[in-house]
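Breakdown of the fold
Below, each chain spelled out in residue letters.
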2 protein chains.
Amino acid sequence: MTRAELDFSLLLAGAARLMRHSFMANLRDSPLTLARARMLIHLERNEGIRQVDLAELLEIQPMTLVRMVDQLASEGLVERRTDPADRRAHRLYLTDAARPQLDIIAETAAAVREKALVGLDEAERAQLTAALQRVCRNLSDG
Amino acid sequence: MTRAELDFSLLLAGAARLMRHSFMANLRDSPLTLARARMLIHLERNEGIRQVDLAELLEIQPMTLVRMVDQLASEGLVERRTDPADRRAHRLYLTDAARPQLDIIAETAAAVREKALVGLDEAERAQLTAALQRVCRNLSDG
DNA sequence: ACGTTATAATCAGCACATCTTATTATCACT
DNA sequence: AGTGATAATAAGATGTGCTGATTATAACGT
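Okay, so let's go over this structure. (Residues numbered from 1 in each chain as written. Chains lettered and ligands numbered in written order. Predicted model: local features only at pLDDT ≥ 70, side-chain atom pairs only at ≥ 80, totals over all residues. Heavy atoms only, no water.)

1. Focus: the overall build of chain A
A count of helices and strands for chain A gives 6 helices and 2 strands. Starting at the N terminus, the α and β elements of chain A follow one another as α-α-α-α-β-β-α-α. The dimensions of chain A, computed from C-alpha atoms along their principal axes, are 55 × 40 × 25 Å. Every one of the 142 residues in chain A was classed for burial, and the buried ones make up 47%. Expressed as a percentage of contacts within chain A between residues at least 6 apart in sequence, the contacts between residues at least 24 apart total 48%. Chain A carries 20 positive and 21 negative side-chain charges, and their two centres are separated by 4 Å. (Helix = DSSP H or I, 4+ residues; strand = E, 2+ residues; numbered from the N terminus. Buried < 20%, exposed > 50% of the residue type's maximum accessible area, 1.4 Å probe, protein only. Contact = heavy atoms within 4.5 Å. Lys, Arg positive; Asp, Glu negative; His and termini not counted. Charge placed at Lys NZ, Arg CZ, Asp CG, Glu CD.)

2. Digging into the side chain of Asp86 of chain A
With respect to the element layout, Asp86 of chain A can be found in strand 2 (residues 86–94). Of the polar contacts made by the side chain of Asp86 of chain A, one reaches the side chain of Arg88 of chain A; its length is 2.9 Å. (Polar contact = N/O pair within 3.5 Å; in protein donor to acceptor, adjacent residues only side chain to side chain.)

3. Things to note about the interface of chain B and chain A
Counting residues at the interface gives 54 residues for chain B and 53 residues for chain A. Carbon and sulfur atoms make up 70% of the area that chain B and chain A hide from each other, which totals about 5100 Å². The largest per-residue losses of area from chain B upon contact with chain A belong to Phe8, Leu18 and Leu139 of chain B, which jointly make up 13% of the total buried on that side. At the boundary of chain B with chain A, the tally comes to 2 salt bridges. We note a salt bridge from Asp7 of chain B to Arg113 of chain A, for which the minimum N-O separation is 3.1 Å. Our enumeration of links across chain B and chain A arrives at 8 residue pairs in polar contact (both at pLDDT 80 or more). (Buried area = accessible area lost by both parts, 1.4 Å probe. Salt bridge = Lys/Arg side-chain N within 4 Å of Asp/Glu carboxyl O.)

4. Description of the layout of surface pockets
Approximately 970 Å³ is the volume found for the largest pocket. Ala16 and Arg20 of chain A together with Ala16, Arg17 and Arg20 of chain B are the residues nearest the centre of the largest pocket, which is lined by 32 residues in total. Contributing elements (two or more residues each) for the lining of the largest pocket: helix 1 (8–26), helix 2 (34–45) and helix 4 (62–74) of chain A together with helix 1 (8–26) and helix 2 (34–45) of chain B. By residue class, the composition of the lining of the largest pocket is 19 nonpolar, 6 polar and 7 charged. (1 Å grid on protein atoms, 1.4 Å probe; cavity = no way out; pocket = protein on both sides within 12 Å on 5 of 7 lines; lining within 4 Å. Points joined across faces, edges and corners; volume = space filled by probe spheres on them. Nonpolar A, V, L, I, M, F, W, Y, C, P; charged D, E, K, R; others polar.)

5. A few points about the protein's contact with DNA strand D
By nearness alone, 22 residues border DNA strand D, and Val52, Arg67 and Arg88 of chain A together with Thr33 and Thr64 of chain B come closest of all. Between Arg80 of chain A and DNA strand D, the recorded distance is 3.1 Å, taken from a side-chain N or O atom to a phosphate oxygen. In the environment of DNA strand D, a base oxygen lies 3.0 Å from a nitrogen or oxygen atom belonging to the side chain of Arg67 of chain B. Among the secondary structure elements, those contributing two or more residues to the surface near DNA strand D are helix 3 (51–58), helix 4 and strand 2 of chain A together with helix 2, helix 4 (62–74) and strand 2 (86–94) of chain B. (Near = heavy atom within 4 Å.)

6. Let's talk about the protein's contact with DNA strand C
In the region of DNA strand C, 23 residues are neighbours, and Thr33, Arg36 and Thr64 of chain A together with Val52 and Arg88 of chain B sit closest. For DNA strand C, the backbone portion of the atoms within 4 Å of the protein, that is sugar and phosphate, comes to 61%. Contact between DNA strand C and Gln61 of chain A: a phosphate oxygen at 3.1 Å from a main-chain N or O atom of the residue. Measuring from a base oxygen of DNA strand C, one finds a side-chain N or O atom of Arg67 of chain A at 3.0 Å. For the surface near DNA strand C, the secondary structure elements donating two or more residues are helix 2, helix 4 and strand 2 of chain A together with helix 3 (51–58), helix 4 and strand 2 of chain B.

7. Remarks on the environment of Arg125 of chain A
Residue and element names in this part refer to chain A. For Arg125, the location among the structural elements is in helix 6 (residues 122–140). Residue classification places Arg125 among the buried positions, given a relative accessible area of 16%. With sequence-adjacent residues up to four places away left out, Arg125 is seen in contact with Glu114, Leu117, Val118 and Leu120. Side-chain polar atoms of Arg125 contact the backbone oxygen of Leu117, separated by 3.1 Å.

8. Comments concerning helix 3 of chain B
For helix 3 of chain B, the full list of buried residues reads Gln51, Leu54, Ala55 and Leu58 of chain B. Projected down its long axis, helix 3 of chain B shows its buried positions confined to an angular sector of 105 degrees, all on one face. In this structure, the buried side of helix 3 of chain B is in contact with helix 1 of chain A together with helix 2, helix 4, strand 1 (78–83) and strand 2 of chain B. Positioned one or two residues after helix 3 of chain B, Glu59 of chain B has a phi angle of 55 degrees, which is positive. (Arc of directions from axis to C-beta.)

9. Here we look at the packing of aromatic side chains
Two numbers describe a pair of aromatic rings. These are the distance of the centres and the angle of the planes. Applying the stated rule across the entire model yields 0 aromatic pairs over all chains. Lying over the aromatic face of Tyr93 of chain A, Arg81 of chain A brings its terminal NZ or CZ to 3.8 Å of the ring centre. (Phe/Tyr/Trp six-rings, centres within 6.5 Å; stacked < 30°, edge-to-face > 60°. Lys NZ or Arg CZ within 6 Å of the ring centre and 35° of its normal.)

Shape descriptors only; they carry no functional weight alone.
Written out as structure tokens, the structure is:
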């Protein structure tokens, strides 16, 4: 661990990079990536959401979401249905094929979390979670 | 903050993404990015390092580093010199033009850190840093 | 001394996540 | 009916990473 790693930005970026490696290693045989998993999870909790609203939830640009939906749709995990009340809009739904993928995501996330948090007790884990949530809030506004 | 954000992997990835946005916003008029900044910082502390060794330090593939060195060299921030003792190898050096960039990096990192850590006292910041370092160690091995 | 193997860098080509700018269809409001 | 906003998308770019193949050089074993 060099001194450079002590800087917060690099430390956070490094942790995220390592976590993503770990996540991907657990998903080697799956069409999923962390970003796609993130999208599926949000979709599970917000089925029927419009693309523009999901993009805002994920804090990405609508066009970025279009591409991700294209991929997930081509893999048969997500379905676009035109909104009957607004023919400009598409509403997004998970397919049956997506359900087992969501289970895999949950297992993978649990495995990565356990590996990442080895040596931290419950209180420390709660503190870390709370601190990261605070960081997200701080960086989100403005 | 949805329930999905509570999952550790997504929370960490989200925090890193927001941090990177913030970092980039602070560097809008610069040729630097977070990855390039990371490389320059490691280079500052290890001038004359060979590419393969820097790649290992950064935990990226040598080819990935070649591209980054190409970019930084084309911007005049980094210089390749052939190793007199091993004509296969290049040793990397910062140019004078890189020094002010390193100052900018330090300022940007400080600004981002302050924005990210608003509302956390010194003890909480130290805990967060320690926890993230532990996470990095945990995810690094294996 | 020579041949094999390992190493350093690079070429070529790809994948993913992300952006910006512009376009099209549709909606909402006046 | 006309104007402006909105939803999705097209087109094209960038940044960050990968794998596999290639070239030059070094190191080692016999």
